[in-house]
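Here's the letter readout for the chains.
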Amino acid sequence: MHHHEPPGNIAPHIPADVYQRAQATGQPVVIVVNDTEPTGFPWRRVVIPFAIAGAVVAGGWGLAAALCWLMDVAAHTATAIAGAVAGPIGVGGITLKLAQSKNK
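Note that the structure is a prediction, hence the values are computed from the model and not measured. (Residues numbered from 1 in each chain as written. Predicted model: local features only at pLDDT ≥ 70, side-chain atom pairs only at ≥ 80, totals over all residues. Heavy atoms only, no water.)

Side note on the overall build of the chain
Regarding its fold elements, the chain presents 2 helices and 2 strands. Going residue by residue from the N terminus, the α and β elements of the chain occur as α-α-β-β. The buried share among the 104 residues of the chain stands at 3%. Working note: accessible area of the chain is about 9,800 Å², and carbon and sulfur atoms make up 66% of it. (Helix = DSSP H or I, 4+ residues; strand = E, 2+ residues; numbered from the N terminus. Buried < 20%, exposed > 50% of the residue type's maximum accessible area, 1.4 Å probe, protein only. Areas by Shrake-Rupley, 256 points an atom, 1.4 Å probe, with all protein chains shown as cover.)

With respect to the environment of Thr79
Position of Thr79 among the secondary structure elements: in helix H2 (residues 43–85). Classification of Thr79 as exposed rests on a relative accessible area of 55%. Of note is the side chain of Thr79, whose polar atom sits 2.8 Å from the backbone oxygen of Ala75. (Polar contact = N/O pair within 3.5 Å; in protein donor to acceptor, adjacent residues only side chain to side chain.)

With respect to a nonpolar patch on the surface
Taken together, the side chains of Leu63, Leu67, Trp69, Leu70 and Val73 present a nonpolar region at the surface, about 520 Å² in accessible area. For Leu67, the position within the fold is in helix H2. (Patch = residues over 30% accessible without salt bridge, like charges linked within 9 Å, V, L, I, M, F, W, Y side chains within 5 Å. Salt bridge = Lys/Arg side-chain N within 4 Å of Asp/Glu carboxyl O.)

Considering helix H1 (residues 16–25)
Counting along an α-helix, one turn takes 3.6 residues, and residues three or four places apart therefore face a common direction. For H1, the tally of buried residues reaches only 1 of 10 residues, placing the bulk of the element at the surface. In the stretch just after H1, Gly26 is the one whose phi turns positive, near 80 degrees.

Considering the confidence of the model for the chain
When pLDDT is averaged along the chain, the result is 77, and 66% of the positions lie at 70 or above. When pLDDT is averaged over each element of the chain, H2 comes out on top at 89 and strand E1 (residues 88–91) at the bottom at 62. (pLDDT = per-residue confidence, 0-100.)

And the structure:
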């Protein structure tokens, strides 16, 4: 039989009236500590890493979907600008020819 002590300087609590009665009568005080090991498989130790991994995967899929949506919006914006301008666009000395009409 092995003895388990509480961590640090913490002692089990004994109600004051029980302690005073034991001191007055010389009766011993018996402290019962329920120390049972949990039975079964420790699911919490397994579930938490899988939950974290699932959150990372879901976040990755969300990031990929957001980037696809952003590229789609950028492509539609470029198409709308090209259709409206129908000529070369220059920025900082670089000219891009976005659209060229086939009817020349």
